[in-house]
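The primary structure of each chain is shown beneath.
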Amino acid sequence: MNPRNISSLSAHFERLSVSSTSIRPAAITLSSLSARRPALPENATLISRRPFSSTTIRQGNWLLPTQPEKKRSRKGRPRVPTGGSARGTTMVWGDYGLRMCDHHRRVSAAQLKNGEEAIKVRLKGMRYRLYKRVCASIGVYSSGNEVRMGKGKGSFDHWASRIAVSKIIFELKGDVHEQVARDAFRLAGNKMPGQYEFVKKGDAPVVGITKLDGVTMEELKRPRRKVPLPMPIDIGSATDAVASTTSTSLSSDA
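Residues numbered from 1 in each chain as written. Predicted model: local features only at pLDDT ≥ 70, side-chain atom pairs only at ≥ 80, totals over all residues. Heavy atoms only, no water.

(A) Representation of the pairing of strand S1 (residues 96-100) within the structure. A large share of S1 lies buried, amounting to 5 of its 5 residues. Of the two faces of S1, the one holding Tyr 96, Leu 98 and Met 100 and the one holding Gly 97 and Arg 99 are both buried throughout. Here S1 pairs with strand S6 (residues 168-174) via 4 bridges, running antiparallel. Directly across from Gly 97, in S6, lies its bridge partner Glu 171. (Buried < 20%, exposed > 50% of the residue type's maximum accessible area, 1.4 Å probe, protein only. Helix = DSSP H or I, 4+ residues; strand = E, 2+ residues; numbered from the N terminus. Pairing = 2+ DSSP bridges.)

(B) Representation of the packing of helix H3 (residues 109-122) against helix H4 (residues 178-191) within the structure. In contact at an axis separation of 8 Å, H3 and H4 are set at 150 degrees when each is read in the N-to-C sense. By the angle class used here, H3 and H4 are roughly antiparallel. Seen from above, H3 lies across H4 with right-handed handedness. Each of Gln 111, Asn 114, Gly 115, Ala 118, Ile 119 and Arg 122 in H3 lies in contact with H4, whose residues at this interface are Val 180, Asp 183, Ala 184, Phe 185, Leu 187, Ala 188 and Lys 191. Here the residues of the contact of H3 with H4 sort into 7 nonpolar, 3 polar and 3 charged. (Axes fitted to C-alpha atoms, helices over the stretch in contact; angles between N-to-C directions. Parallel < 35°, antiparallel > 145°, perpendicular 65-115°, else oblique. Left-handed = near helix turned anticlockwise from the far one by under 90°. Contact = heavy atoms within 4.5 Å. Nonpolar A, V, L, I, M, F, W, Y, C, P; charged D, E, K, R; others polar.)

(C) Summary view of the sheet that holds strand S4 (residues 138-142). Pairing in this open sheet of 3 strands is antiparallel, and the strands run S2-S5-S4 from one edge to the other. Every interior strand has two partners, whereas the edge strands, strand S2 (105-108) and S4, have only one. With strand direction ignored, the average angle separating the axes of adjacent strands in the sheet is 50 degrees. Bridge count for S2 against strand S5 (residues 155-163) is 4 bridges, and the pairing is antiparallel. Counterpart to Ser 108 in the pairing with S5 is Ala 160. Strands in contact with H3 are S2 and S5; relative to S2, the strand with the most contacts, it is inclined by about 70 degrees.

(D) Quick look at H4. Its 14 residues give H4 an end-to-end C-alpha distance of 20 Å, which sits within 8% of 20 Å, the value for a rise of 1.5 Å per residue. Of the positions making up H4, those classed as buried are Val 180, Ala 181, Ala 184, Phe 185, Ala 188 and Gly 189. (Expected span 1.5 Å × (residues − 1).)

(E) Structural detail: unusual backbone geometry. Positioned with a positive phi, Glu 146 is a non-glycine residue whose angle comes to about 55 degrees. The residue Glu 146 is located in the loop between S4 and S5 in this model. For Ser 166, which is not glycine, the phi dihedral falls at a positive 65 degrees.

(F) Here's a closer look at the sheet that holds S6. A sheet is described by the order of its strands in space; here 4 strands give the open sequence S3-S6-S1-S7, paired in antiparallel fashion. If you trace the sheet from one side to the other, it starts and ends with strand S3 (128-132) and strand S7 (196-200), each paired once. The mean inter-strand angle of the sheet, taken between neighbouring strand axes irrespective of direction, is 20 degrees. Those strands touched by H3 are S3 and S6, and its axis lies near 20 degrees from that of S6. Sitting on the sheet, H4 touches S1, S6 and S7, and the angle it makes with S1 is about 30 degrees.

(G) View of the nonpolar core. Residues Leu 112, Ile 119, Ile 169, Phe 170 and Phe 185 are the most contacted members of the largest nonpolar core, which totals 27 residues. Among the elements of the structure, S1, H3, S5, S6, H4 and S7 are those that each provide at least two residues to this core. Residue contributions to this core peak at 5 residues, all from H4. Those residues in contact with Phe 185 that sit more than four places away from it in its chain are Tyr 96, Gly 97, Leu 98, Ile 119, Phe 170, Leu 172 and Phe 198. (Core = buried A, V, L, I, M, F, W, Y, C linked by side-chain atoms within 4.5 Å.)

As structure tokens, then:
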């Protein structure tokens, strides 16, 4: 090693100083921070800010599942509330909504995207917020044309959503007139398969295809036909019938 390098290295070592403690005094730290911080007026409130983070914010996409499928989804059928459930048939966040009213079906992500774009084009320049109540999280797989049966389910084709009957798909809230919202949802319904209806906040929930407007859940669960009463039995005729049957079985001709 060069003697000049050795001398410079030893000089650097001599300049180093070892402290008795590795932690700086708290009083010095607080005093330095208070000196750097600008003085706030008496009536001002301290605003807490989020520290810097290098991680990106995960923004969900309603046309894609949040997690990949562990196995390929089957065709299946949408959820049909046979036990009297009205979940998903009323407004939650918005003032106006679009609800499917004819039959449950599977709607692809491309069709849902077309409906959303139709609403955005109609409401362009207005102040509103659009809520989506469904998510395209079901994978659809298909085989090519003229492919023999068997040899697996097929390759991935697109994402889709199973929408039950009377399920609300879109909700709209903002400074939008009712007639304008009706027109926007009409255009969206024309872009998607099935028949849809316009609903407002406060409308009655739906059980299956029956709206609970003047009809209670107890009336729906009540049997449509009256339970027939048991037929009355005459005790005297029943006793004679039993006696005649016993005498016939004990006769010699039998």
